[in-house]
Amino acid sequence: MAWFTFYLLNLLWATAGTSTQTRSSCSVPPAQQPLVNSMQVLMENSVTHSTYPNPSVLIAMNLAGPYNVEAQKLLTHQLMATDTADMTVGQLALTIMALTSSCRDPGNKVSTLQRQMETWAPSSPNAEASSFYGPSLAILALCQKNPEAALPIAARFAKTLLANSSPFNVDTGAMVTLALTCMYNKIPVGSEEGYRTLFGQVLENTVENISKRIKNNGIIGDIYSTGLAMQALSVTPKQPNKEWNCKETMDVVLNEIKLGKFHNPMSIAQILPSLKGKTYLDVPHTSCSPDPEVHPTLPNLPTPVPTIASNITVKYTINNQLRGVELLFNFTINVSVKSGSVLLVVLEEAQRKNSTFKFETTMTSWGPIVSSINNIAENVNHKTYWQFLSGKTPLNEGVADYIPFNHEHITANFTQY
C-alpha cells in the first residue's frame, strides 16, 4: 500500500479450529529460503530495549518460528508491560494477538477490547476504508478468544461494511477477510443461519475487490499491501471469480526482496507469514515449547568492497496552500548529503541550514512519520497530513527508509484527504 495509507492506518488504528496452512500450492523454493531467513533475521535484530515495541513483529516472529529467542522474550515482556490506556482498538487487538502468539495470557485486555468494540461506530456513514482496519483487527482478536461473544459485534461490523461506499483499500480488505473468515469458521452451533449468510456476503464482496487489484505481475495493490492480501486470499472460504496465481505473486515478492524493498521491520512483519505458509489465523496455534535456538541458513553474499560515499544534491520544497490554515508558504532549499542517505537526513540538513524547514516526527510501528513542518502540524479532525512526493509521485516509503537520488526534487506538501 502507499505510504499515505500506512500513515492513515497508524492514525486510525488505530480462526479456524485447526492450523491454516496456505491453501495454494505456492511456497518459497528451497534455494530462496536463505533470502527469507536473512530478512527475518533483519526484523528480529530490530528488537532492542530502546526501540518501539511492535506487536506485528512479535506475531510474525512467532508464526515463522523465532531464530533470536532472546529478542522474542524481550519483545514479549515489553508488550506485557505496555500501558494500554491510550491504545486504539487496532493497537490493543495486535497486542492481544502478539501475547497470544507467545502463549501469554493477555489478561483483562480482551474484556477491555470487547467493551470498546461494543460501542464502536464509524465516524460517518461513508468513513474512509482505512478506518475499518483497526476494528477488523479487533474482530479477529476477539474471534480467536471468544467467538460466541464476538458474534453480535462482528455482525454489526459486517452490516456497517455493506453500507459503506468509500473507495476500496487492499490492506483493510485483507484484514476484513481474515477477521470474518475466522467468524465464518467459528459460528457457534445453533446460531442463526443469517450470520453465515451475512459474513459470506461481505467476504464475497471483499475478496472480489482484492482480486480486482491484482496486477499483471502478481502484485496485489502495491508491494507493501501484497503480504496481507496473500494471507486473505489463501484462507477465504469465498473465492473470487478470477483465480489467483499464487506462484506468480510469490515470485515477484521474492524478486522485490532481492532488490532490497523489505528492510523496514514492519514491512517484513507483514510479508513474512505468507512466505512461511502462515496467516494471522494461525496465531492461537503457535508452538511455545522450549526448542533450542535455531541458526538460520543465510545467503552467501560477497563481502562488500569499502567505498567512499560521494555527495548528492537534493532539491527540497515545503508547501502549504490549504485554505483555512493561517500560514501559507512555499519554500525550496538545495541540500547536500552523502549518497545513500535516507530522506530523514535531508530533512535534518535542511533544518540545520534554515530554521524555516524545522520539523517534528511521531514514532509509529512503521518508523518515524513527519507530523509537523514549519509549525504546521497534522490534524486528524481536519484530515490533514504532510505528504512527501518525488516530483509529482507520492513516496511509498517513509522518511527513514526512502533513499533520494542525485538532483531529485522532494516536496513535502500539506494535504487534506
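Our subject is the structure listed above.
Keep in mind that this is a model prediction, so the values were computed, not measured.

(A) Region of the structure containing the overall build of the chain. The helix and strand tally for the chain stands at 14 helices and eight strands. For the chain, buried positions account for 53% of its 417 residues. Entry remark: accessible area of the chain is about 18700 Å², with carbon and sulfur atoms responsible for 51%.

(B) Broad picture of the environment of Asn 126. With respect to the element layout, Asn 126 can be found in the loop between α6 (109-118) and α7 (133-145). Spatially, the C-alpha atoms of Asn 126 and Ala 163 are 8.1 Å apart, while their sequence positions differ by 37 residues. Beyond its immediate stretch of four places on either side in the chain, Asn 126 contacts Ala 163, Asn 164, Ser 165 and Ser 166.

(C) Highlighting the state of the cysteines. Counted by the stated rule, this structure contains three disulfides. Disulfide partner of Cys 26: Cys 246, at an S-S distance of 1.8 Å. Linking Cys 26 in the loop between α1 (3-12) and α2 (33-45) with Cys 246 in helix α12 (residues 246-258), this pair joins segments that are 220 residues apart in sequence. The two residues Cys 26 and Cys 246 agree in class, both being buried.

(D) Looking closely at the sheet that holds strand β1 (residues 311-320). Judged by pairing direction, the sheet is mixed, and its five strands sit side by side in the order β2-β1-β8-β6-β7 without closing on themselves. The open sheet has two edge strands with one neighbour each: β2 (329-338) and β7 (393-394). In the packing of helix α14 (residues 343-353) onto the sheet, contacts are made with β1, β2, β6 (384-390) and β8 (409-416), and the angle to β2 comes to roughly 115 degrees.

(E) Molecular detail of the pattern of salt bridges. One pass over the full model with this rule turns up five salt bridges. A salt bridge links Glu 70 to Lys 73; the nearest nitrogen and oxygen atoms lie 4.0 Å apart. Separated by three residues within a single helix, Glu 70 and Lys 73 lie in helix α4 (residues 69-80), roughly one turn from each other. Looking at Glu 70, the relative accessible area reads 52%, which means it is exposed. Lys 247 is paired through a salt bridge with Asp 251; the nearest N and O atoms lie 2.9 Å apart. Here Lys 247 and its partner Asp 251 are both found in helix α12, four residues apart, which amounts to about one turn of the helix. Using a relative accessible area of 36% as the deciding quantity, one classes Asp 251 as partly exposed.

(F) Geometry of helix α5 (residues 89-101). In this model, α5 (13 residues) spans 18 Å end to end at C-alpha, consistent with the 18 Å of a helix rising 1.5 Å per residue. Within α5, 12 of the 13 residues are buried, which leaves the element mostly enclosed by the surrounding structure. Val 89, Gly 90, Leu 92, Ala 93, Leu 94, Thr 95, Ile 96, Met 97, Ala 98, Leu 99, Thr 100 and Ser 101 are the residues of α5 that are buried. In this structure, the buried side of α5 is in contact with α3 (55-64), α4, α6 and α7. Directly after α5, the chain includes Cys 103, whose backbone phi takes a positive value near 60 degrees.

(G) How the structure looks around the nonpolar core. Within the largest apolar cluster, 92 residues are counted, with the highest numbers of intra-cluster contacts made by Leu 113, Met 117, Leu 140, Phe 199, Ile 220, Leu 275 and Tyr 280. Residues Leu 322, Val 337, Phe 357 and Phe 359 belong to the second largest nonpolar core, which totals 27 residues.

(H) Broad picture of the environment of Pro 135. Looking at where Pro 135 falls in the secondary structure, it is placed in helix α7. Expressed as a C-alpha distance, the spacing of Pro 135 and Leu 113, which sit 22 residues apart in the sequence, is 9.9 Å. With sequence-adjacent residues up to four places away left out, Pro 135 is seen in contact with Val 89, Met 117, Trp 120 and Phe 157.

(I) Molecular detail of helix α9 (residues 170-185). When the terminal C-alpha atoms of α9 are compared, their 22 Å separation across 16 residues agrees well with the 22 Å that a helix rising 1.5 Å per residue should span. In terms of residue burial, α9 counts as a mostly covered element, since 15 of its 16 residues are buried. Capping of α9 at its N-terminal end is provided by Asn 169; its side-chain oxygen lies 3.1 Å from the backbone amide nitrogen of Asp 171.

(J) Spatial organisation of the packing of α6 against helix α8 (residues 147-163). Following both chains from N to C, one finds α6 and α8 inclined at 35 degrees, their axes separated by 10 Å at the closest point. Read as a crossing pair, α6 and α8 show a hand that is left-handed. Of the residues in α8, those in contact with Gln 114, Met 117 and Glu 118 of α6 are Ala 149, Ile 153 and Arg 156. The class makeup of the residues in the contact of α6 with α8 is three nonpolar, one polar and two charged.

(K) Representation of the packing of aromatic side chains. Scanning all chains against the criterion turns up 10 aromatic pairs. When the ring of Tyr 195 is compared with that of Phe 199, the centres are 6.4 Å apart and the planes differ by 25 degrees; the resulting orientation is stacked. In this pair, Tyr 195 and Phe 199 both sit in helix α10 (residues 193-212), four residues apart, roughly one turn of the helix. Pairing Tyr 316 with Phe 357 gives two aromatic rings, centres 5.6 Å apart and planes at 45 degrees, and the pair type is tilted. With Tyr 316 in strand β1 and Phe 357 in the loop between α14 and β3 (359-364), this pair connects stretches of sequence that are 41 residues apart.

Analysis parameters
- Residues numbered from 1 in each chain as written.
- Predicted model: local features only at pLDDT ≥ 70, side-chain atom pairs only at ≥ 80, totals over all residues.
- Heavy atoms only, no water.
- Helix = DSSP H or I, 4+ residues; strand = E, 2+ residues; numbered from the N terminus.
- Buried < 20%, exposed > 50% of the residue type's maximum accessible area, 1.4 Å probe, protein only.
- Areas by Shrake-Rupley, 256 points an atom, 1.4 Å probe, with all protein chains shown as cover.
- Contact = heavy atoms within 4.5 Å.
- Disulfide = S-S within 2.5 Å.
- Pairing = 2+ DSSP bridges.
- Axes fitted to C-alpha atoms, helices over the stretch in contact; angles between N-to-C directions.
- Salt bridge = Lys/Arg side-chain N within 4 Å of Asp/Glu carboxyl O.
- Expected span 1.5 Å × (residues − 1).
- Core = buried A, V, L, I, M, F, W, Y, C linked by side-chain atoms within 4.5 Å.
- Polar contact = N/O pair within 3.5 Å; in protein donor to acceptor, adjacent residues only side chain to side chain.
- Left-handed = near helix turned anticlockwise from the far one by under 90°.
- Nonpolar A, V, L, I, M, F, W, Y, C, P; charged D, E, K, R; others polar.
- Phe/Tyr/Trp six-rings, centres within 6.5 Å; stacked < 30°, edge-to-face > 60°.

Purely geometric numbers; function is a separate question.
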